[in-house]
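# Coordinate analysis (summary)
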Amino acid sequence: MSNPTTNDVLNAVAAATNALSERKEEVNRLNVFPVPDGDTGTNMSLTMQMVVDNLAKLSIGASNAEIRKAITTGALMGARGNSGVITSQILRGLCEGYEGHDVFDTVALDSCFARAVEVSFQAVRKPVKGTILTVVEDAAAAAKKARKKKLSLEEALDAVVAEAYASVQRTPDFLPVLKENNVVDAGGFGLAILIDAFAASITGKDGFVGDAMSFARPAPKVQIEQINDWEGSAYRYCTEFLVHSDSVDVDAAKEFLPTMGDCDLMVGMHPNFKVHVHSNRPDQVLAWFLTHDSQISEVHIHNMQLQSEERTEKLEHEKEETRKPLGIVAVAPGSGNAKILESLGVDVVVSGGQTMNPSTADILAAVNKVNADAVLILPNNKNIIMASQACVDVSEKPCAVVATKSVPQAFSALFGFDPEADLESNVESMTEAFADVKTGEVTQAIKDAKDAHGNPIKDGDIIGIADGSIESVGSDVASVVMSLLEAMDADDADTMTILAGEQMSDEELDALVARIEEAYEDIEIDPHRGEQALYPVVFSLE
């Protein structure tokens, strides 16, 4: 392919904007945080649309410098929310990186992305791994590698696109909240869409790489629910506005903003800046700039508490109205376990476990609560399987039991769920999905007994149970876990999921994970707060 012309680049910017606009709801659905600062896909799309609008105002034959300024100014003025502001800084960096280049080639591509990383990271006080910043950083590394290998521009763009999507796929490895909700970072995915569509336009491809990648879209079995958790948030108002000043002290402003709230950003350069902050006193934020040689405009103040409540109400209404062919009920102890199961697609979680086995009536009530034509039941305890089966016998709604004996088995079973298949097919596929899961449980003995090998157990001892068999006895939880892992042949496992009970502190959990990682370097460990009673640790090996 020949080097792209100015018109080619402008058309590619428009194509990228259109692609993101068409898929903004897909990006929006990835938001998992309880108090949304607007929707990521919408904010990024509106930011890009202002860029296109600004470019449309240019006269025919505008210079590269004029085009770069139009992109930078449009992105800054149109930036919405955190994601929009950071996107504006990535665009600014890309434009600044092109300065001094006469043609758009691999050298220019490397320069653009390198500067984009510098500018975008400077805009954020505390960059977080696993966000849009990580995606632009990884894309820049791919561009640099392509230049060093002297690839063609088309090959280089293909490499950057591939790495952008690969980086998006890795974001849950850095942010536990993403992994817990089975999604990727929304901002990073939005950026990958932009890069993909831009590259496709430049190279003349018909489709986008991202169209064939489903990893960034919540699978049908996964339902992300808005959690109305406003009481835990310190700030109520999302405040953003433009600042116009030739003399405002930027360093002083950046020191002031964190004193008023969080998620604070101030980007741009004299005389135009964009400010964004979450605060309880937006009036004081505005007053500071007004008293520091600044004019302000385009002021937007959003009450995030009301946004959260409205979204929760809307989602609950949609959930009530939408009847589906197949739903899921699961039994589980602990609020943490319930949240994980719900994030994996369970409609109703019945509280219960070893010492509080729910009745048939309890399970039947949950089945009737599910807005579905038929229901699968995951008992997650051997003592609850019969009650679950009894529910099947008396329920007017078709039901079936997937005979899971632990919560970790349920996690694996849910990955075998097919919402389009019938009850019988799902029982078969979900049972197969958890067949190889080994479950370990650690608790305290309540009477004298013997372990599986005839060794004595005293009342108060810590015991380790491997799939129902007492295999380890000791005086502290961590040592029993390590002994139990050895008894369960943990060396043969690839992954380990740990569910910390309510008796285990976060510090104790971190120490346990570190100890296991040191002993089993090849196991990928996924710790969570299960909050189950009486069992400080429940884990699975696969």
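Within each chain, residue numbers correspond to sequence positions counted from 1 in written order. Reporting in this predicted model follows two pLDDT cut-offs: at least 70 for local features of residues, and 80 or more for side-chain atom pairs to be given and counted; totals over whole chains, interfaces and linings ignore these cut-offs and use all residues. Values reported for side chains reflect all heavy atoms of the structure, with hydrogen atoms and water molecules removed beforehand.

## Things to note about the packing of aromatic side chains
- Only rings of Phe, Tyr and Trp enter the pairing, Trp through its six-membered ring, and a pair is recorded when the two centres are within 6.5 Å. The plane angle decides the type: under 30 degrees is stacked, over 60 is edge-to-face, the rest tilted. Applying the stated criterion across every chain yields a total of five aromatic pairs.
- Taking 6.3 Å as the distance between ring centres and 90° as the angle between the ring planes, the aromatic pair formed by Phe104 and Phe198 counts as edge-to-face. Remark: Phe198 occurs in helix H10 (residues 186-203) and Phe104 occurs in the loop between helix H5 (81-98) and helix H6 (106-122); sequence separation between them is 94 residues.
- Since its relative accessible area comes to 8%, Phe104 is described here as buried.
- Buried residues are those whose accessible area, probed at 1.4 Å on protein chains only, stays under 20% of the maximum for their type, while exposed residues exceed 50% and partly exposed ones sit between those limits. The class for Phe198 is buried, based on a relative accessible area of 19%. Note on conventions: DSSP H or I runs of at least 4 residues are helices, E runs of at least 2 residues are strands, and numbering of each starts at the N terminus.

## Some thoughts on the sheet that holds strand S9 (residues 438-444)
- Only when DSSP finds a minimum of two bridges between them are two strands counted as paired. The six strands are arranged S13-S12-S9-S16-S14-S15 in an open sheet whose pairing can be described as mixed. Strand pairing shows two members of the sheet lacking a second neighbour, strand S13 (469-474) and strand S15 (524-529), which therefore form its edges. Going across the sheet, the axis of each strand differs from the next one's by a mean of 20°, ignoring polarity.
- Two residues form a contact once any of their heavy atoms are found within 4.5 Å. Note on definitions: angles span 0 to 180 degrees between N-to-C directions of axes, and those axes are lines fitted to C-alpha atoms, for helices only across the stretch in contact. On the sheet, helix H17 (residues 407-414) packs against S9, strand S14 (495-500) and strand S16 (537-541) and is oriented at approximately 130° with respect to S14.

## Overview of the pairing of strand S2 (residues 261-269)
- Here seven bridges tie S2 to strand S3 (residues 272-279), and the two strands are oriented antiparallel to one another. Bridging from a neighbouring strand, Gly268 pairs with Phe273 of S3.

## Some points on helix H15 (residues 360-369)
- Those residues of H15 lying buried are Ile363, Ala366 and Val367. Each buried residue of H15 lies within a common arc of 100° when the element is viewed along its axis, so the set occupies one face. Residues of H15 that are exposed and point more than 90 degrees away from the buried face comprise Ala361 and Lys369.
- Against strand S5 (324-332), strand S6 (348-351), strand S7 (372-378), helix H16 (385-394) and strand S8 (399-401) lie the buried residues of H15. The directions from the helix axis to the C-beta atoms form the arc being described.

## Here's the deal with the side chain of Thr106
- By the element assignment, Thr106 lies in helix H6.
- Contact partners of Thr106, with chain neighbours within four places excluded, come to Arg147, Leu151, Ser152, Leu153 and Ala156.

## Things to note about a negative patch on the surface
- Negative charge collects at one region of the surface, where Glu486, Asp489, Asp491, Asp492, Asp494, Glu518, Glu521 and Asp522 lie side by side.
- We classify Asp489 as partly exposed; its relative accessible area is 45%. Excluding any residue in a salt bridge, patches collect residues exceeding 30% relative accessible area, merging like charges within 9 Å and nonpolar Val, Leu, Ile, Met, Phe, Trp and Tyr side chains within 5 Å. We get accessible surface area from the Shrake-Rupley algorithm with a probe of 1.4 Å; when it comes to residues, only the shown protein chains can shield them. Here, a salt bridge means any Lys or Arg side-chain nitrogen found within 4 Å of an Asp or Glu carboxyl oxygen. Under this rule, positive means Lys or Arg and negative means Asp or Glu; His and the chain ends count for nothing. The atoms used to mark charge sites are NZ of Lys, CZ of Arg, CG of Asp and CD of Glu.

## Some details on the pairing of S15
- Inspection of the sheet shows S14 paired to S15 by six bridges, in the parallel sense. Each residue of the ladder has a partner; that of Thr495, found in S15, is Glu524.
- If you view a crossover with the strands going away from you and the path from the first strand over the helix to the second runs clockwise, you call it right-handed. The β-α-β motif built from S14, the intervening helix H20 (residues 506-519) and the parallel element S15 has right-handed crossover chirality.

## Considerations on the sheet that holds S7
- With respect to topology, four strands assemble into an open sheet ordered S6-S5-S7-S8, the strand pairing being parallel. Looking at strand neighbours, the two that pair on one side only are S6 and S8, the edges of this open sheet. Neighbour-to-neighbour, the strand axes of this sheet turn through a mean angle of 20°, independent of strand direction.
- Examined bridge by bridge, S7 and S8 share three bridges and lie parallel to one another. Pairing of Val375 across the sheet is with Cys399, part of S8.
- Taken strand by strand, H16 contacts S7 and S8, and its axis lies near 160° from that of S8.

## Description of the confidence of the model for the protein chain
- What pLDDT expresses is the predictor's confidence in each residue, scored from 0 to 100. Across the protein chain, the average pLDDT comes to 87, with 90% of residues at or above 70.
- Confidence drops under a pLDDT of 50 for residues 33-38, and excluding neighbours within four residues, the segment shows 25 contacts in the predicted structure.
- Taken as a whole, residues 212-232 scores under 50 in pLDDT and shows 57 contacts with residues more than four places along the chain or in a different chain.

## Topic: the nonpolar core
- Throughout this description, the term nonpolar core refers to a set of buried Ala, Val, Leu, Ile, Met, Phe, Trp, Tyr and Cys residues connected via side-chain atoms within 4.5 Å. In terms of nonpolar packing, the biggest core is built from 67 residues, with Leu109, Phe113, Val160, Phe189 and Ile195 touching the most fellow members.
- Sequence-distant contacts of Phe113, defined by excluding residues within four places in its chain, comprise Leu94, Val136, Ala139, Ala140, Ala143, Val160 and Ile195.

## Description of the packing of H6 against helix H8 (residues 153-174)
- At a closest axis distance of 9 Å, the pairing of H6 and H8 adopts a crossing angle of 30°. Taken together, the axes of H6 and H8 lie roughly parallel to each other. Between H6, through Thr106, Leu109 and Phe113, and H8, the contact on the second element is made entirely by Leu153, Ala156, Leu157 and Val160.
- Tallied by class, residues from the contact of H6 with H8 come to six nonpolar, one polar and no charged. Put simply, angles under 35 degrees are roughly parallel, angles over 145 are roughly antiparallel, angles from 65 to 115 are roughly perpendicular, and the rest are oblique. Here the nonpolar group is Ala, Val, Leu, Ile, Met, Phe, Trp, Tyr, Cys and Pro; Asp, Glu, Lys and Arg are the charged ones; every other residue, Gly included, is treated as polar.

## A look at the packing of H15 against H16
- In contact at an axis separation of 8 Å, H15 and H16 are set at 55° when each is read in the N-to-C sense. Our classification of the angle between H15 and H16 gives oblique. Crossing geometry of H15 relative to H16 is assigned as right-handed. Along the contact surface, H15 presents Thr360, Ile363, Leu364 and Val367, while H16 presents Ala387, Ser388, Ala390, Cys391 and Val394. The hand of a helix crossing depends on one turn: near helix anticlockwise from the far one by less than a right angle means left-handed, and clockwise means right-handed.

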